[in-house]
Amino acid sequence: MSSSAKHLQSIDAGHYKNTAGSATEIMPIPDLVKISMSQHIGAPCKPLVSKGDTVKVGQLIGDTDAFVSAPIHSSVSGTVKAIETQRSAVGGEDTLVVIEPDKKQELCEDIKVPEVENLEGFVKAIRASGLVGLGGASFPTHIKFNPRNIDDVHTLIVNAAECEPFITSDHRLMLEDTQDLIDGMVLVMKYIGLDEGYIGIEENKPDAIALLDKMLAEQGHDNIHTFTLQARYPKGAERVLVYEITGKHMAAGVLPADLGVILSNVTSIAFVGKYFRTGIPLTSKRMTVDGDAVNQPKNIIAPIGTMISDVVEFCGGYKTPPKKILMGGPMMGRAIFSDQMPIVKNNNAILVFSKEKATIPEETACINCGRCHAACPFNLIPTALADAYEERDAEKLDELQVMQCMECGSCSYVCPARRPLGFLNKLGKGVVKEAGIK
Ligand code: SF4
Ligand code: SF4
């Protein structure tokens with residue numbers, strides 16, 4: 001083995017990027033889709049269609065006047081069979097537009113490539129596209145692209161770290177939709193008025209870095225650069241990435257725009273490039289399907305609204321009975337209670353694990369090894385935070401800066417006593433909020 005191959009093997013250890021070499025497969029249109037009206041942070045959309053209506057791909061089917069929101073479009077052509085409610089992955093109630101596809105995938109007549117001349121037109125087009133933060137946050141992108149201090153922002157940072165284990169969908173996007181990514185960056189930088197752009201990528205994706213470097217040089221984009229990051233979780237965390245690239249500390253409550261930065265996920269930026277090429281709103285999603293309970297782990301593009309059971313079926317079905325299904329990665333993803341839930345805009349992975357892999361060993365006593373403290377990217381003291389939570393001591397939790405915790409789970413992961421430290425911080429935040437501490 002060459003020394004560079006050995007180096008790559010060593011930096012990939014523990015990252016489980018099993019599907020990095022799997023070209024994305026387009027999933028066939030399923031027999032039914034259920035499109036959620038709550039696919040972003042903010043107010044849910046109201047359905048604009050009724051049972052019996054026929055719809056086309058890209059047709060607006062949900063919207064609201066609320067400021068923090070993004071419209072929702074049909075991912076298929078077909079007939080609306082029902083408007084129903086279902087318990088959502090986060091516990092609340094979700095309204096779903098249920099559509100039976102006709103499998104013709106006819107495009108809506110309203111679709112046209114956006115023509116814009118200035119920031120106002122650009123932001124309007126981005127809202128119309130339905131784009132939200134596709135890295136997991138699902139914050140409506142048109143708001144992020146129009147910060148209050150727009151004259152002070154100067155740098156675009158594209159988050160392409162993809163540091164969560166197992167997930168390789170961003171990696172595949174960089175290899176397969178490279179031009180869309182570059183075009184998206186050029187558009188965002190042009191309309192927001194940004195001087196420089198950086199694509200932060202972990203070193204375990206050397207082929208993506210090489211391809212982007214080559215294409216950026218060939219096309220003369222000398223104000224856009226790749227930035228190689230150490231392959232270490234959680235390099236893709238907003239505050240960590242901004243620090244790595246700009247050297248600026250981003251305290252809790254500070255936005256990237258306050259530091260002159262527009263930060264966006266690589267999938268979101270590539271979507272901008274594609275949208276201004278095709279005019280097709282956000283109706284499908286690339287994701288990694290992996291885990292020891294799936295027969296054929298792969299990267300796929302599926303229509304938004306496809307049921308998770310159909311996604312797993314396309315990947316060869318379950319190898320063993322699933323014990324845990326995650327939407328997202330093993331560190332920050334959300335465990336869901338059923339595979340009868342639909343894909344939403346910000347899904348970047350479906351991971352399915354067997355009982356053997358999913359069972360968390362029993363917690364034992366803390367041995368004061370300090371590993372949790374050393375693992376925290378923000379120098380928090382997870383043991384002290386856990387003690388403060390046990391006491392329900394809101395002031396102490398606040399003093400120990402529980403609100404700075406991004407719930408990355410690094411402390412829990414390294415803990416030999418298997419203490420659920422990151423989760424306790426989530427509960428601790430609730431104690432602080434309940435106490436009304438600002
Ligand atoms: S989950 Fe743990 S390691 Fe991550 S930020 Fe919070 S305290 Fe730090
Ligand atoms: S890593 Fe676990 S055992 Fe070690 S000090 Fe932290 S809580 Fe205690």
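Residues numbered from 1 in each chain as written. Chains lettered and ligands numbered in written order. Predicted model: local features only at pLDDT ≥ 70, side-chain atom pairs only at ≥ 80, totals over all residues. Heavy atoms only, no water.

K.L.:
Go over the overall build of the chain, please, and point to the residues and values.
P.N.:
When you go through the chain residue by residue, the secondary structure sums to 15 helices and 17 strands. By the compact-globule yardstick of 22 Å for 438 residues, the chain fits well, its C-alpha radius of gyration being 22 Å. If you line up the chain on its principal axes, its C-alpha atoms span 65 × 55 × 50 Å. Expressed as a percentage of the 438 residues in the chain, the buried residues total 53%. The contacts in the chain between residues at least 6 apart in sequence include a share of 73% that link residues at least 24 apart. When the accessible area of the chain is evaluated, it comes to approximately 20000 Å², of which 50% is carbon and sulfur surface. (Helix = DSSP H or I, 4+ residues; strand = E, 2+ residues; numbered from the N terminus. Rg over C-alpha atoms; globule rule 2.2 N^0.38 Å. Buried < 20%, exposed > 50% of the residue type's maximum accessible area, 1.4 Å probe, protein only. Contact = heavy atoms within 4.5 Å. Areas by Shrake-Rupley, 256 points an atom, 1.4 Å probe, with all protein chains shown as cover.)

K.L.:
Tell me about the site of ligand 1, and name the residues and values.
P.N.:
Cys376, Cys405, Cys408, Cys411 and Asn425 are the nearest of the 13 residues found near ligand 1. When contributions to the shell around ligand 1 are tallied by element, the ones reaching two or more residues are helix H14 (410–414) and helix H15 (421–434). (Near = heavy atom within 4 Å.)

K.L.:
Report on the side chain of asparagine 347, specifying residues and quantitative values.
P.N.:
Within the secondary structure, asparagine 347 sits in the loop between strand E16 (334–336) and strand E17 (349–353). Here the side chain of asparagine 347 touches valine 344 through a polar contact of 3.1 Å, landing on its backbone nitrogen. What asparagine 347 contacts, discounting residues up to four positions off in sequence, is Lys285, Arg286, Met287, Met327 and Pro342. (Polar contact = N/O pair within 3.5 Å; in protein donor to acceptor, adjacent residues only side chain to side chain.)

K.L.:
Describe in detail the domain arrangement of the chain, supporting the description with residues and values.
P.N.:
Here the chain is partitioned into domain 1 (119–278) and domain 2 (371–434). The distance between the C-alpha centroids of domain 1 and domain 2 comes to 29 Å. Contact residues are listed per partner, giving seven residues for domain 1 and seven residues for domain 2. Contact with domain 2 buries area across many residues of domain 1, yet Tyr233, Pro234 and Arg239 alone supply 63% of it, more than any other trio. Our enumeration of links across domain 1 and domain 2 arrives at zero salt bridges. Inspection of the domain 1/domain 2 interface yields two residue pairs in polar contact (both at pLDDT 80 or more). (Domains from an automatic or database assignment. Buried area = accessible area lost by both parts, 1.4 Å probe. Salt bridge = Lys/Arg side-chain N within 4 Å of Asp/Glu carboxyl O.)

K.L.:
Which residues make up unusual backbone geometry, and what values do they have?
P.N.:
That bond from tyrosine 233 to proline 234 is cis: its omega, 0°, falls within 30 degrees of zero. One can find proline 234 in the loop between strand E11 (224–229) and helix H7 (238–246). If you check the backbone angles, lysine 103 has positive phi at about 65° while not being a glycine. Secondary-structure assignment places lysine 103 in the loop between strand E8 (93–101) and helix H2 (119–129). By relative accessible area, lysine 103 is classed as partly exposed at 43%. Even without being a glycine, glutamate 407 presents a positive backbone phi close to 55°. Tracing the sequence through the fold places glutamate 407 in the loop between helix H13 (394–399) and H14.

K.L.:
Summarise the site of ligand 2; cite the residues concerned and give the values.
P.N.:
Around ligand 2, the structure places 13 residues, and the nearest of them are Cys366, Cys369, Gly370, Cys372 and Cys415. The residue inventory of the shell around ligand 2, partitioned by class, reads eight nonpolar, three polar and two charged. (Nonpolar A, V, L, I, M, F, W, Y, C, P; charged D, E, K, R; others polar.)

K.L.:
How would you sum up the side chain of serine 354? Please name residues and give values.
P.N.:
Among the structural elements, serine 354 can be located in the loop between E17 and helix H10 (355–358). The class for serine 354 is buried, based on a relative accessible area of 7%. For serine 354, the contacting residues outside a window of four places in its chain are Asp292, Ala293, Thr320, Pro321 and Lys323.

K.L.:
Describe the pattern of salt bridges, listing the residues and the values that go with them.
P.N.:
All chains considered together, the criterion is met by 17 salt bridges. When the shortest N-O distance is used, the salt bridge between aspartate 177 and arginine 286 registers 3.2 Å. Of the two residues, aspartate 177 sits in the loop between helix H4 (169–176) and helix H5 (178–192) while arginine 286 sits in strand E13 (residues 284–290), which places them 109 residues apart along the sequence. On the basis of relative accessible area, aspartate 177 is assigned to the partly exposed category, the value being 23%. A residue is classified by how much of its surface remains accessible, and arginine 286, at 9% relative accessible area, is buried. The salt bridge involving glutamate 407 is made with lysine 429; its shortest N-O contact spans 2.8 Å. In this pair, glutamate 407 sits in the loop between H13 and H14 while lysine 429 sits in helix H15, placing the two residues 22 residues apart along the sequence. Assessed through its relative accessible area of 24%, glutamate 407 is described here as partly exposed. One salt-bridge network, in which partners are shared between bridges, spans Arg172, Glu176, Asp177 and Arg286.

K.L.:
With reference to specific residues and values, describe the sheet that holds strand E2 (residues 33–36).
P.N.:
Taken in spatial order, the four strands line up as E2-E8-E7-E4 in an open sheet, and their pairing is antiparallel. The sheet terminates laterally at E2 and strand E4 (54–55), the two strands that pair on one side only. (Pairing = 2+ DSSP bridges.)

K.L.:
A description of the packing of H2 against helix H8 (residues 266–278) should follow, citing residues and the corresponding values.
P.N.:
The geometry of a pair of packed helices is captured by two quantities: the angle between their axes and the separation between those axes. Two elements in contact, H2 and H8, have axes whose closest approach is 11 Å; the angle formed by their N-to-C orientations is 95°. Judged by the angle between their axes, H2 and H8 are roughly perpendicular. Residues Phe122, Ala125, Ile126, Ala128 and Ser129 of H2 pack against Phe271, Val272, Tyr275 and Phe276 of H8. Classifying every residue of the contact of H2 with H8 gives eight nonpolar, one polar and no charged. (Axes fitted to C-alpha atoms, helices over the stretch in contact; angles between N-to-C directions. Parallel < 35°, antiparallel > 145°, perpendicular 65-115°, else oblique.)

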